[in-house]
Every structure is written in C-alpha cells, then in structure tokens.
Amino acid sequence: MNSTFDQASWQNTPDSVIQPEEEDQQDVPHFGESQELAKGFEIRPIVNGILHASQEQKRNFKSLDQLFNVGRTTFDLAAGYPPGEELYGSYAMHLRRDKQRGERHAARLQALTRWGPKDLGPWAFTRRAVEEVVVESQMLQSHMLEPLDMMQLHWRDYSQRTHWDALHRLCDMRELGRIRSVGLCNFDTEHLDQIADRGLGVVSNQVLMSVVDRRALRFMADVCLETNTKLLAYGVLMGGLLSERWLGVGEPGLHHRGPQLDHTSQQQYKDVIDAWGGWVLFQRLLKVCKQIADKHDVTIAMVAERWVLQQRAVASAVMGTRVGMSEHPVSTEILLSVELDAADLGMLDEIHDESISLFDVFGDCGDELRRRL
C-alpha cells in the first residue's frame, strides 16, 4: 500500500480444540477475558502486531516469552511479509520443543493473518491461487497440519470488484478446513454491510481507532453490533504519541527546533493530530489522560488502551510490538482490571467535542488509504 497511513507490516489451535490435561493447567498462564469470534475460536483482548524484530533469535524468543507470560499470545501477521510470519513460526516450534512447556503452551498461540493482494485481477483469485497464499502462510507459521486461525482481507480499490472473488475463495478455504475464520481489514461501513448481507460469515474488521480517531464509532460500530461483527482496533497509541513521553513537550519539528519524532508512523499520526485539532489540543488531551491514569495508578498508554477496549463492538486492540528491542509488556490481567468510569469517559469526551471530525476530513474507516491510490 502506498499511503502515509499504511499499517506497519508488523496459531494456532484455539483453547477449545486442544486443552492441556487438568493437572497441567496450573503452569499455563491465565489469559484474561476473551471474546468468541467464531465457533470454537476466541480472541484475546490484546493482539501483538509485529513491527520489527532484532537480528538475534535468543533476544526475540526472550521478548516473546515476556509477552506470553503476561497473557499476550495473539499475533497480527501480514501474509507475504516473512519476518513476522517466520518469527511467529519459529517461536511456535520453540515452544513445542521445550520439554517443560511443549504443545499445551504452543496451543495458546493465535495468529491473525492479513492478506492485501497486490494484483486485483480475477486471475489472482482462483481457488488454486488463493490456496497457495494460505499454504505459504501455513508453512511460514509452522502449521501445515493445522488451519490458520484467521485470514483478514485488506482491499485497496473498490472499483475492482474482485474483492467478492477473494472473499468467496477465502470462505471456500474455511469450509475446507484450511482456515478457521475470515476477517476484513480497513473495509468501510458500506462494504462491510454489503458483505454481511451476503451471509459470508465474516467475523471482524480491523480498523484505525484511538481516543483521537473515533471514526469507527460514527456508523461502523452500530453495523457491527447488528451483524455480529467484531472490531479489531489498531493505531491505539498513535505510534507511541499517547504516552507520558509527549506530555508537556513542544510540538515536534516546529521550526526545526522541536523534539524529533522517532519513526515514520509517528509522523503519520502527527498528521492526524494536526487535522484533528493541533498540538495544543492534543496536549490538553494528554493532561486529561494523565489525570485519569493517576487516579487508577496506571499509565497514559493504559488509559488509551482501556478506552478503546470499552467501546462498543471492539473485541481487541492491536498493539505494535518491537520484538527483542524494547518490550516491557503490560499484563493483560492488569489492563483488564482497570475500568474507566463515567467521569473518566466524560472528561475525554469533553476534549474530543472541541476537535474537528476526522470522519469529515478523511472519510470512513480506510478511506484515507484508498484516496491515495
């Protein structure tokens, strides 16, 4: 995707299919609340999106162990982006070969695979062509004997109506037992509703959502509730801008004297902030988040995550993860133990009421990606 809003290229048996023996369950970490997406398939509240990984496998496995031990065992992977899928597959094999953990731990892992076809012609969506995509991901994720947990279709051009072909082929793969569930990524409300009307059994749509970017709550969340479709939210921390680090800090890059943004995605989210209301309003939002964080004895990031998880139709928050680099993961149980009350939500809404509607600026979910084709 060629867009300033590109998602970063960042299994597998559900708990209900393979369960450890009763006496062994005590050494498998507790994973917190889950929501059922499809029969026999529940999704965890926090999903790890692999943004980058170190070059050292030992460091990567240690980092993934830290995530596993705090209940963060679900991963968002991009099909055709080997670093993420290969790392996931290697870690799954690592768990299976571990004498103390073995299959009962590996069975806790889940992978949500995103597929964004580059070629949108009808020849790209024959049964054989789509099966090759699925098999490649199974190989990379070390699960040739098990179906993929989910394949999420990302579509960049609705004028190419072959997304129907792609979806029908994915549903064929589901019926053949090659994948467990079919989801979407960055589809807008209109097309999500059309897909639901056809009864294809699509279970989710992954979209941008944060305390700043609330476009999914305009129309999509209600359609999701009506059609039993779950939202998976990414961009929850806006590339790390929703954190203590940026509280009380001058505007990045202003007159070339402000603090520097860490990476490209932060510049993308800074552009969103500019359209939403600017740096001064964003600082006021951070101050309110800090007030709420202090009240609950948590961080600004946890307030931002919890806000998203409390929104209607949201099943999970996809959190960008730099494996082997800077992981200090928050326990899923700790995050779920915090609940923003009406006063907290009201304070955040007051700031948002002063902002400019991003729906009016960018359009519906994913429209900012398609506008730049």
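Summarised in this report is the structure supplied together with it.

## Digging into the sheet that holds strand β4 (residues 74-78)
Taking strand neighbours around the barrel as the criterion, the eight strands line up as β3-β4-β5-β6-β7-β8-β9-β10 in a closed arrangement whose pairing is parallel. Each strand of the sheet is rotated relative to its neighbour by a mean of 30 degrees, with strand direction disregarded. Pairing geometry for β4 and strand β5 (residues 110-115), over five bridges, is parallel. Bridge pairing in β5 links T74 to Q110. Contacting β5, β6 (148-154) and β7 (179-185), helix α4 (residues 127-140) crosses the sheet at an angle of about 130 degrees to β6.

## Section: empty space enclosed by the protein
Estimates place the volume of the largest cavity at around 40 Å³. L208, M209, S210, D213, G235, M238, Y269 and V272 together form the lining of the largest cavity. For the lining of the largest cavity, the class distribution of residues is five nonpolar, two polar and one charged.

## Examining the pattern of salt bridges
Counting across every chain of the model gives 23 salt bridges. Residue D76 pairs with R114 through a salt bridge whose shortest N-O separation is 2.6 Å. Of this pair, D76 sits in strand β4 while R114 sits in strand β5, and the two are 38 residues apart along the sequence. Summarising the burial analysis for this pair, D76 and R114 share the class buried.

## Concerning the environment of M151
Relative to the assigned elements, M151 resides in strand β6. Among the residues examined, M151 registers a relative accessible area of 0% and is labelled buried. Counting along the chain gives 36 residues from M151 to W115, while the straight-line C-alpha distance between them is 6.8 Å. Apart from the residues within four sequence positions on either side, M151 is in contact with T113, W115, V133, V134, S137, L170, I179, S181, V182 and G183.

## Topic: the side chain of E305
When you line up the elements, E305 lands in helix α10 (residues 300-309). Buried and without a salt bridge, E305 has R72 as its closest oppositely charged side chain, separated by 5.5 Å. Residues in contact with E305, not counting those within four places in the same chain, are I46, V236, L237, M319 and L335.

## Some words on unusual backbone geometry
Even without a glycine there, the phi angle at N186 is positive, about 60 degrees. Locating N186 in the fold gives a position in the loop between β7 and α6 (189-197). A relative accessible area of 1% means that N186 is categorised as buried.

## A short note on the environment of D274
Along the chain, the position of D274 falls in helix α8 (residues 264-276). By relative accessible area, D274 is classed as partly exposed at 38%. Separated by 82 residues in sequence, D274 and I356 place their C-alpha atoms 9.7 Å apart. A polar side-chain atom of D274 sits 2.8 Å from a polar atom in the side chain of K270.

## Topic: the side chain of R44
Relative to the elements of secondary structure, R44 occurs in the loop between β2 (41-43) and β3 (46-53). Under the relative-accessibility criterion, R44 is labelled buried at 1%. A polar atom in the side chain of R44 sits 2.9 Å from the backbone oxygen of R108.

## A closer look at the packing of α8 against helix α9 (residues 279-296)
For the pair α8 and α9, the least separation of the axes is 8 Å and the interaxial angle reads 100 degrees. Compared by their axis directions, α8 and α9 come out roughly perpendicular. Seen from α8, the contacting residues are K270, I273 and W276; seen from α9, they are W279, L281, F282 and L285. A class-by-class count of the residues in the contact of α8 with α9 yields six nonpolar, no polar and one charged.

## Details of the pairing of β4
In terms of burial, β4 is largely enclosed, as five of its five residues are buried. Alternating residues of β4 divide into T74, D76 and A78 and F75 and L77, and every residue in both groups is buried. Taking the sense of rotation as the criterion, the β-α-β connection linking β3, helix α1 (residues 57-69) and β4 turns out right-handed.

Cut-offs and rules
- Residues numbered from 1 in each chain as written.
- Predicted model: local features only at pLDDT ≥ 70, side-chain atom pairs only at ≥ 80, totals over all residues.
- Heavy atoms only, no water.
- Pairing = 2+ DSSP bridges.
- Helix = DSSP H or I, 4+ residues; strand = E, 2+ residues; numbered from the N terminus.
- Axes fitted to C-alpha atoms, helices over the stretch in contact; angles between N-to-C directions.
- Contact = heavy atoms within 4.5 Å.
- 1 Å grid on protein atoms, 1.4 Å probe; cavity = no way out; pocket = protein on both sides within 12 Å on 5 of 7 lines; lining within 4 Å.
- Points joined across faces, edges and corners; volume = space filled by probe spheres on them.
- Nonpolar A, V, L, I, M, F, W, Y, C, P; charged D, E, K, R; others polar.
- Salt bridge = Lys/Arg side-chain N within 4 Å of Asp/Glu carboxyl O.
- Buried < 20%, exposed > 50% of the residue type's maximum accessible area, 1.4 Å probe, protein only.
- Lys, Arg positive; Asp, Glu negative; His and termini not counted.
- Polar contact = N/O pair within 3.5 Å; in protein donor to acceptor, adjacent residues only side chain to side chain.
- Parallel < 35°, antiparallel > 145°, perpendicular 65-115°, else oblique.
- Right-handed = clockwise from strand over helix to strand, strands pointing away.

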